[in-house]
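# Chain and residue survey
The lines below spell out each chain.
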Amino acid sequence: APADMDLPFDRYSWVTTHNAFTSNGFVPNQSQTIAQQLEHGVRAFMLDLHYDNARVRLCHNRCTGSSSMPLADLLNETILPFLEQNPDVVLTLQLDDFTERRQLIADLDRAPNLVGTTFDPFSWSTPAWPTYADIVQSGQRILIFSLNRDQSGVLMTRGGAVTIMPSEDFTVENYWSLGTAPLW
């Protein structure tokens, strides 16, 4: 948690990992698993979602091998236990979602403890973002954004509502390219 938890949430910036889930495979983007990244202070994760083998999986372009973990497994085995052990932490998931809404809901059905933990911006009566402390106190400690507007809104799972916000309405991202580097 930040030292000062009384600022509006949009005043903070976080270390965010791109293709956070690819710590193994042919061309890994990260040298650590998401669990290791969490332990080292990463609080925001960019995740690519694809439908493969009857599940919504974390994969980059194609789902192959052990790196294509189902989304619900990541939530149940890593994200939710970490939040349970760290009650002052707020996490952000940025989804690059290539699934259909019904597929995403079906996988979220497998993570019933996610219900009640996702941030719903429309449940707040504040003129701006609530403070970090307010978000922690509310229990809505997972902010989920999607680059696919069709996947945003309140998704009704068997356990209840999960809120996903459209990225373009709520986030600003720095341009990621470092330019071209000469190969000599």
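Please refer to the structure higher up on the page.
Residues numbered from 1 in each chain as written. Predicted model: local features only at pLDDT ≥ 70, side-chain atom pairs only at ≥ 80, totals over all residues. Heavy atoms only, no water.

### Regarding the overall build of the protein chain
For the record, the criterion: Helical segments are the DSSP runs of H or I of at least four residues, strand segments are the runs of E of at least two, and each set is numbered from the N terminus. The cut-offs for exposure are 20% and 50% of the maximum accessible area for each residue type, with area from a 1.4 Å probe on protein chains only; residues under the lower value are buried, those over the upper are exposed, and the others partly exposed. Should any heavy atoms of two residues lie within 4.5 Å, those residues are considered in contact. Areas reported as accessible are Shrake-Rupley estimates using a 1.4 Å probe. Residue values count occlusion only from the protein chains shown.
The helix and strand tally for the protein chain stands at 5 helices and 7 strands. For the protein chain, the residues scored as buried account for 46% of the 184 residues in total. Restricting to contacts in the protein chain with at least 6 residues of sequence separation, those with at least 24 account for 62%. When the accessible surface of the protein chain is totalled, it reaches about 10,300 Å², and 51% of it is carbon and sulfur.

### Some points on helix α2 (residues 71–85)
Which entries qualify depends on this criterion: The span one expects for a helix is its residue count, reduced by one, times 1.5 Å. The bend reported for a residue corresponds to the angle between axes fitted to the seven residues ending at that residue and the seven starting there.
Its 15 residues give α2 an end-to-end C-alpha distance of 20 Å, which sits within 8% of 21 Å, the value for a rise of 1.5 Å per residue. A bend of about 30° at Ile79 is the largest found in α2, and the proline Pro81 appears one to four places after it. Residues of α2 that are buried include every one of Leu71, Ala72, Leu74, Leu75, Thr78, Ile79, Leu80, Phe82 and Leu83, and no others. Residues of α2 that are buried in the fold lie against α1 (34–39), β2 (44–52), β3 (55–58), β4 (91–97), α3 (101–108) and β5 (142–146).

### Things to note about the nonpolar core
Note the cut-off: Here, nonpolar core means buried Ala, Val, Leu, Ile, Met, Phe, Trp, Tyr and Cys residues that are tied together by side-chain atoms lying within 4.5 Å of each other.
Of all hydrophobic cores here, the largest spans 31 residues; its most connected members are Leu47, Leu75, Ile79 and Leu93. Every element with two or more residues in this core is listed here: α1, β2, β3, α2, β4, α3, β5 and β7 (160–166). Looking at this core element by element, the count peaks at 8 residues for α2. Setting aside residues up to four positions removed in sequence, Leu75 forms contacts with Leu80, Pro81, Leu93, Leu108, Ala111 and Leu114. Judged by nonpolar contacts, the second largest core, of 11 residues, contains Phe9, Phe119, Trp129 and Met165.

### Quick notes on the pattern of salt bridges
Going by this rule: Salt bridge, as used here: a side-chain nitrogen of Lys or Arg that lies within 4 Å of a carboxyl oxygen of Asp or Glu.
For the structure on display, the rule yields 6 salt bridges. Among the salt bridges present, the one from Asp73 reaches Arg55, with a minimum N-O distance of 3.4 Å. Of this pair, Asp73 sits in helix α2 while Arg55 sits in strand β3; the two residues are 18 residues apart in sequence, bridging distant segments of the chain. Exposure remark for Asp73: the relative accessible area of 22% places this residue in the partly exposed category. Its salt-bridge partner being Asp107, residue Arg55 comes within 2.6 Å of it at the nearest N-O pair.

### As for α3
Helical periodicity: at 3.6 residues per turn, an α-helix aligns residues three or four positions apart in one direction. Considered for burial, the residues of α3 that qualify are Gln103, Leu104, Ile105, Asp107 and Leu108. Looking at the packing, one finds that the buried side of α3 touches β2, β3, α2, β4, β6 (153–157) and β7.

### Some words on the pairing of β2
Quick reminder of the rule: A strand pair is defined by DSSP finding two or more bridges across the two strands.
β2 sits mainly inside the fold: 7 of its 9 residues count as buried. Summarising the sheet, β2 and β4 pair through 6 bridges and their orientation is parallel. Residue pairing across strands places Asp48 opposite Asp96, the latter belonging to β4. Pairing geometry for β2 and β3, over 4 bridges, is antiparallel. Directly across from Asp52, in β3, lies its bridge partner Arg55. Remark: 2 residues form the turn of the hairpin made by β2 and β3, two consecutive strands paired antiparallel; Asn53 in that turn has positive phi of roughly 55°.

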